[in-house]
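Structure assessment
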Amino acid sequence: MEFRIGHGYDVHTLQDGLPMWLGGIRIEYARGFVAHSDGDVAIHALCDAILGAAGLGDIGLHFPDSDPAFKGIDSKRLLAETIRKISAEGWKVANADITIALQAPKLRPHIDAMKAVLSPILGTDALNIKATTTERLGFVGRGEGCEVWAVALLER
Ligand code: MG
């Protein structure tokens, strides 16, 4: 058995009046993420971890934000396409772990729903999602944006 580990990181700006898509679900909140896609910063970090592990570059390389085809796209489709790309090289996700830093809203009540949506796309239940605030420090703490780190292990 061959294993590869990858890491992903992404940040998106919060703006009033936009829908908040995070971890594959819609969260009712007065603000959402500015992006070319639906702005799902957690999925973007996860895709980068998976692509990184497979040695396939990054999300911007595969799904450029200059391409109108990806305007407003459901990031779950980007994740599914990422899985298709690594599957083509024989890889499957062994496990993944995501850390979301967001000051508000509280994400704890939404974690199970995120896992229920993302696990079938990943092809494993070995998905962990954690959420933290930054104790009001920095751009996350000021409510200006969301920061996400992800790690994925691939096996083949
Ligand atoms: Mg992004």
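Note: the structure precedes this text.
What this report covers is the structure whose coordinates are included nearby. Predicted model only: the values in this text are computed from it and were never measured.

1. Considerations on the coordination of the magnesium ion
Surrounding the magnesium ion are the protein donor atoms Asp10 (OD), His12 (NE2) and His44 (ND1), at 2.1 to 2.3 Å. Spacing between the donor residues of the magnesium ion along their common chain follows D-x1-H-x31-H. Judged by relative accessible area, Asp10 falls into the buried class, the value being 17%.

2. Points about the packing of aromatic side chains
Under the criterion given, the structure shown has two aromatic pairs. Centre to centre, the rings of Tyr9 and Trp149 are 5.7 Å apart; their planes meet at 45°, and the pair counts as tilted. Here Trp149 lies in strand β7 (residues 145-155) and Tyr9 lies in strand β1 (residues 3-16), a separation of 140 residues in the sequence. What makes Tyr9 partly exposed here is its relative accessible area of 37%. Judged by centre distance (5.5 Å) and plane angle (85°), the rings of Phe63 and Phe70 are edge-to-face. For Phe63, a relative accessible area of 9% gives the class buried.

3. Brief notes about the layout of surface pockets
As a volume, the largest pocket reaches approximately 260 Å³. Along the wall of the largest pocket there are 16 residues; nearest its centre are Ser37, His44, Ile59, Phe63 and Asp65. When contributions to the lining of the largest pocket are tallied by element, the ones reaching two or more residues are β1, α1 (41-53) and α2 (59-62). No other element matches β1, which puts three residues into the lining of the largest pocket. Residue composition of the lining of the largest pocket, grouped by class: eight nonpolar, five polar and three charged.

Reading the values: the criteria
Residues numbered from 1 in each chain as written. Predicted model: local features only at pLDDT ≥ 70, side-chain atom pairs only at ≥ 80, totals over all residues. Heavy atoms only, no water. Donors = N, O, S within 2.8 Å, 3.2 Å for Na, K, Ca; no water. Buried < 20%, exposed > 50% of the residue type's maximum accessible area, 1.4 Å probe, protein only. Phe/Tyr/Trp six-rings, centres within 6.5 Å; stacked < 30°, edge-to-face > 60°. Helix = DSSP H or I, 4+ residues; strand = E, 2+ residues; numbered from the N terminus. 1 Å grid on protein atoms, 1.4 Å probe; cavity = no way out; pocket = protein on both sides within 12 Å on 5 of 7 lines; lining within 4 Å. Points joined across faces, edges and corners; volume = space filled by probe spheres on them. Nonpolar A, V, L, I, M, F, W, Y, C, P; charged D, E, K, R; others polar.

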